[in-house]
Amino acid sequence: MSSIQHANNFKILIADDEPDIIEFVCYNLNKEGFDVRSVSNGLDAIKVAKEYDPHLILLDIMMPGMDGVEVCKELRENKQFENTIIAFLTARSEDYSQIAGFEVGGDDYITKPIRPRVLVSKISSLLRRLNKNQSSASDADIININGLSINREEFIVTRDNNSEKIVLAKKEFELLYLLATKPGKVFSREEIFKKIWGSDVIVGNRTIDVHIRKIREKIGNDIIKTIKGIGYKFEFQ
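Residues numbered from 1 in each chain as written. Predicted model: local features only at pLDDT ≥ 70, side-chain atom pairs only at ≥ 80, totals over all residues. Heavy atoms only, no water.

Here's the deal with the overall build of the chain
Our working definition: Helix numbering and strand numbering both begin at the N terminus, where a helix is a DSSP run of H or I of at least 4 residues and a strand a DSSP run of E of at least 2. Exposure categories follow from relative accessible area, calculated using a 1.4 Å probe and restricted to protein chains: below 20% of the type maximum is buried, above 50% is exposed, and the middle band is partly exposed. Here a residue-residue contact requires only that any non-hydrogen atoms of the pair lie within 4.5 Å. The protein chains shown are the only cover counted for residues, whose accessible areas, like all others here, come from Shrake-Rupley with a 1.4 Å probe.
Looking only at helices and strands, the chain has eight helices and twelve strands in total. Sorting the 237 residues of the chain into buried and exposed places 49% on the buried side. Partitioning the intrachain contacts of the chain with sequence separation of at least 6 by distance along the chain shows that 58% fall at a separation of at least 24. A total accessible area of about 12,400 Å² is found for the chain, and carbon and sulfur atoms account for 48% of it.

Here it is as C-alpha cells:
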C-alpha cells in the first residue's frame, strides 16, 4: 500500500545531472506509485515541465548550464506553475543555495545524501501540503485553517466557528492572509515586502518583524514560524 493515498494521481518531475541520483529517486518514488519523469539538466526541466505539468518538481541546485535556482525562477514567472510544489536537492554545505532557492519561490529542500524513507516522507508531506492549499483556496475570499477563518472580502478573522473575532490592522491582515494562502510554504522577506508593501514603498528592515509579532500576540505564537535567515511560513496541522 502506498504511503500516500492515490499516489498514482500525482506527477513528479526530477532534474539532476547525476545518473545515480536519478535512478535512486525514480526507483523509490515509482515503487510508491507516483508517476515520475526525469531529465538531466535545467533547460530540459523547463521544457518537460511545460508539457508534463507535474504536481511537484524536484530540482538539483548544482546543475551545469542552468542551475536549479535559475530553473525555479523561470518556472515561477510562468502562471502555469504558480501552485506547483518546487523542492530542491542540496548538499549539506549549500546553505547559501537553500536561501537563494527560497527567495525565487522554492517550497522546500531535501539534503543529500538522500535516504529512501526521508525522501518518500518528504515528498508525501509536500503533496499533502498541495492538497491542503487547494482545499484552503476552494473559496478565493475565505480561508479556513487551523481553527481560523480568514475572510478577505470583509477583512475579518474569527476563531472557533466564528465565536471569537480577532481584530487586525490592514497590513497585519494582508500579511496573515498571504502566509495562509500557502500553508507550509516559506515566504522570503523580499517576497513579503513585494506582495504586501510593493516594490516602490520604502519601509524599515524591522517592519515585517513588528507585524509578525503583533499577529502572534493576537492569534498565538504557534501559527507563524520563523525560518531563520529566510522569512516566515504559516504552520498547519
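What about helix α1 (residues 19-31)?
Note the cut-off: Helix span is expected to be 1.5 Å times the residue number reduced by one.
The end-to-end C-alpha distance of α1 is 18 Å, a good match for the 18 Å that 13 residues give at a rise of 1.5 Å each. Buried within α1 are the following residues: Ile21, Ile22, Val25, Cys26, Asn28 and Leu29. Count one or two residues on from α1 and you reach glycine 33, which has phi positive near 100°.

Re the nonpolar core
Which entries qualify depends on this criterion: Here, nonpolar core means buried Ala, Val, Leu, Ile, Met, Phe, Trp, Tyr and Cys residues that are tied together by side-chain atoms lying within 4.5 Å of each other.
Counting 27 residues, the largest nonpolar core has Ile150, Val157, Leu176, Leu179, Ile192, Ile224 and Phe234 as the members making the most contacts within it. Of all the secondary-structure elements, those providing two or more residues to this core are β6 (142-145), β7 (148-151), α6 (170-181), α7 (189-197), α8 (207-219) and β12 (231-234). If one sorts the elements of this core by residue count, α6 sits on top with seven residues. Not counting residues within four places of it along the chain, the set of residues in contact with valine 157 comprises Leu148, Ser149, Ile150, Glu164, Lys165, Ile166, Leu168, Phe173 and Leu176. Core analysis: the next-biggest nonpolar cluster, separate from the first, contains 21 residues, Ile14, Val25, Phe34 and Leu56 among them.

Re the pairing of strand β4 (residues 85-91)
Rule in force here: By definition, two strands form a pair when at least two bridges between them are found by DSSP. The path from the first strand over the helix to the second decides the hand: if it runs clockwise while the strands point away from the viewer, the crossover is right-handed.
Judged by how many residues are buried, β4 sits mostly within the fold: six of seven residues are covered. Bridge count for strand β3 (residues 56-60) against β4 is five bridges, and the pairing is parallel. Each residue of the ladder has a partner; that of aspartate 60, found in β4, is leucine 89. In terms of handedness, the path from β3 via helix α3 (residues 68-76) over to β4 forms a crossover that is right-handed. In this sheet, strand β5 (residues 108-112) lies alongside β4 in parallel orientation, the contact comprising five bridges. Bridged to alanine 91 within β5 is lysine 112.

Looking at α8
The terminal C-alpha atoms of α8 lie 19 Å apart, and with 13 residues this matches the ideal 18 Å at 1.5 Å per residue to within 8%. Turning to α8, its buried residues number three or more, namely Thr207, Ile208, Asp209, His211, Ile212, Ile215, Arg216 and Ile219. A positive phi of about 110° marks glycine 220, the residue just after α8.

Some words on the sheet that holds strand β9 (residues 164-166)
Keep this limit in mind: Angles run from 0 to 180 degrees between N-to-C directions of axes, and those axes are lines fitted to C-alpha atoms, restricted for helices to the stretch in contact.
Read across the sheet, four strands follow the order β6-β7-β8-β9 without closing on themselves; strand pairing throughout is antiparallel. Of all strands in the sheet, those with a lone pairing partner are β6 and β9, marking the two edges. Taking the axes of each pair of neighbouring strands and ignoring which way they run, one obtains an average angle of 20° across the sheet. With four bridges joining them, β7 and strand β8 (residues 156-159) adopt antiparallel strand pairing. Its bridge partner lying in β8, leucine 148 is registered against arginine 159. Sheet strands in contact with α6 are β6, β7 and β8, and its direction is about 115° off that of β7.

Describing the layout of surface pockets
Put simply, the rule reads: Grid points spaced at 1 Å over the protein atoms alone were grouped into cavities, where a 1.4 Å probe fits but cannot get out, and pockets, open sets with protein on both sides within 12 Å along at least five of seven lines, with lining residues defined by an atom within 4 Å of a point. Grid points are joined across faces, edges and corners, and a volume is the space filled by probe spheres set on the points. Three residue categories are used. Nonpolar comprises Ala, Val, Leu, Ile, Met, Phe, Trp, Tyr, Cys and Pro, charged comprises Asp, Glu, Lys and Arg, and polar comprises the others, including Gly.
Reported here for the second largest pocket is a volume of approximately 200 Å³. For the second largest pocket, the lining is made up of twelve residues, of which Phe102, Asp108, Tyr109, Val186 and Ile227 are closest to its centre. Here the lining of the second largest pocket is composed, by residue class, of five nonpolar, one polar and six charged.

Looking at the packing of α6 against α8
For clarity, the cut-off: Angles below 35 degrees are treated as roughly parallel, those above 145 as roughly antiparallel, those between 65 and 115 as roughly perpendicular, and all remaining angles as oblique.
For the pair α6 and α8, the least separation of the axes is 10 Å and the interaxial angle reads 85°. The pairing of α6 with α8 is recorded here as roughly perpendicular in orientation. For the pair formed by α6 and α8, the contact residues are Lys171, Glu172, Leu175, Leu176 and Leu179 on the first element and Ile208, His211, Ile212, Lys214, Ile215, Lys218 and Ile219 on the second. Residue composition of the contact of α6 with α8, by class: seven nonpolar, one polar and four charged.

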